[in-house]
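Descriptive structure summary
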Amino acid sequence: MSFDYILILGGPLDGEKPSPLLFERIKKGAELLGADEHLKAVVSGGTKSESQPLSEAEVMKNSLLELGISGDRIILENEAKTTLQNFKYTKELLGAEAKAAFVTNKFHIWRSKRIMKAAGVEYEAIAAPNGQHSLGFRIREGFLRPFAFFGKYE
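Residues numbered from 1 in each chain as written. Predicted model: local features only at pLDDT ≥ 70, side-chain atom pairs only at ≥ 80, totals over all residues. Heavy atoms only, no water.

Let us now look at the sheet that holds strand S7 (residues 124-128). Read from one edge to the other, the open sheet built from five strands follows the order S5-S4-S1-S6-S7, with strand pairing classed as parallel. Single-partner strands in this sheet number two, and they are strand S5 (74-77) and S7. Across the sheet, the mean angle from the axis of one strand to that of its neighbour is 25°, orientation sign disregarded. Note that strand S6 (residues 100-105) and S7 share five bridges and pair parallel. Residue Asn105 lies in a different strand from S7, and its bridge partner there is Ala128. Packed on one face of the sheet, helix H1 (residues 20-35) meets strand S1 (5-9), strand S4 (40-44), S6 and S7 and runs near 170° to S1. (Pairing = 2+ DSSP bridges. Helix = DSSP H or I, 4+ residues; strand = E, 2+ residues; numbered from the N terminus. Axes fitted to C-alpha atoms, helices over the stretch in contact; angles between N-to-C directions. Contact = heavy atoms within 4.5 Å.)

What follows is the structure in structure tokens.
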């Protein structure tokens, strides 16, 4: 692999568990971590409401632990509330020159790449499956694509 870190982008939660969509990202991250013992993960995502007991990053970390990934290989970034912030805050954690890849669902790759460039980083994109519960999110991405094309990321 040509990177030292993988950034797993946050996503929707089902209480204190990842949604099926987010779990696809987590599983893909765990697969990559399992293939390279030197690779570390940044799990990025904050809380989006006061009623949310755990941040997206904490939920992702818990899932990675359940999948057998050691806690010392997981870096939490639990402030980001948008994809742009996922990239910006991870850049602050790792430094601008870090060799990294990011994991998100296949339908989210195009817009994420545009947002990543706006954040001033160049990470390799790795697609997780869309999953069976992704139709609404795919429609949302289609709606947001023109905004990203014209540089509107938040």
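If you walk through the whole model with that rule in mind, you get four salt bridges. Two residues, Glu66 and Lys17, come together in a salt bridge whose shortest N-O distance is 3.6 Å. Taken as a pair, Glu66 in helix H2 (residues 56-66) and Lys17 in strand S3 (residues 17-18) lie far apart in primary sequence, 49 residues in all. The exposure class assigned to Glu66 is exposed, which follows from its relative accessible area of 59%. Close ionic contact of Glu24 with Lys27 constitutes a salt bridge, the shortest N to O distance being 3.6 Å. (Salt bridge = Lys/Arg side-chain N within 4 Å of Asp/Glu carboxyl O. Buried < 20%, exposed > 50% of the residue type's maximum accessible area, 1.4 Å probe, protein only.)

Summarising the element assignment, Ala98 is placed in the loop between helix H3 (83-94) and S6. In this structure the C-alpha to C-alpha distance between Ala98 and Phe3, which are 95 residues apart in sequence, comes to 8.1 Å. With sequence-adjacent residues up to four places away left out, Ala98 is seen in contact with Tyr5 and Tyr123.

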